[in-house]
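Coordinates in review
The residues making up each chain are set out below.
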Amino acid sequence: MNVWETVTGSDLTRDWKAFEARAEALPADYRAAWGQIKVRVSPHSDFTGRNLMPILDGVLGLLEEAAADGQSVHEVLGDDLDGFCAALTGGEGARNYRDRWREQLNRNVAKKLGRLGG
């Protein structure tokens, strides 16, 4: 990956299109699960989403392998899709982008208040 691709995000666009092409080859119930997984892990993304690419690649690989083996989505992901996604992103209560931005805002405000009060 070169600097231009990193700056423009064209590498992410290319990877995302490849993920979606792979997902289109899955059976309908697997595609539906893929769509739900994308939605549920996206709050745990960094600003660019680059941190989720390896996770989503692994999940898509798992779905492809399970579909090829003839397993049902339920057998692979279980009853608790929210729990599955939480485990992917670091467990229940894992920090997401809102948490990181809130912490940064609080630090910045505390610095400003410290300068004004001191």
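Overview of the layout of surface pockets
Taken as a whole, the largest pocket holds about 160 Å³ of empty space. Where the lining of the largest pocket is concerned, the elements lending two or more residues are α2 (10-24), α3 (28-41) and α4 (53-68). Along the lines of polarity and charge, the residues of the lining of the largest pocket split into six nonpolar, four polar and two charged.

Considerations on the confidence of the model for the protein
For the protein, the mean per-residue pLDDT works out to 83, and 85% of the residues sit at or above 70. Looking over the protein, one finds the lowest element-wise mean pLDDT in helix α1 (residues 3-8), namely 71, and the highest in α3, namely 93.

A few points about α3
Taking 1.5 Å as the rise per residue, α3 with 14 residues should run 20 Å; its terminal C-alpha atoms sit 20 Å apart, in good agreement. Those residues of α3 lying buried are Tyr30, Ala33, Trp34, Ile37 and Val41. Seen from one end, α3 has its buried residues packed into an arc of 105°, which puts them on one side. In α3, the exposed positions angled more than 90 degrees off the buried face are occupied by Ala28 and Val39. Elements in contact with the buried residues of α3: α2, α4, α5 (73-77) and α6 (81-88).

What counts, and where the lines are drawn
Residues numbered from 1 in each chain as written. Predicted model: local features only at pLDDT ≥ 70, side-chain atom pairs only at ≥ 80, totals over all residues. Heavy atoms only, no water. 1 Å grid on protein atoms, 1.4 Å probe; cavity = no way out; pocket = protein on both sides within 12 Å on 5 of 7 lines; lining within 4 Å. Points joined across faces, edges and corners; volume = space filled by probe spheres on them. Helix = DSSP H or I, 4+ residues; strand = E, 2+ residues; numbered from the N terminus. Nonpolar A, V, L, I, M, F, W, Y, C, P; charged D, E, K, R; others polar. pLDDT = per-residue confidence, 0-100. Expected span 1.5 Å × (residues − 1). Buried < 20%, exposed > 50% of the residue type's maximum accessible area, 1.4 Å probe, protein only. Arc of directions from axis to C-beta. Contact = heavy atoms within 4.5 Å.

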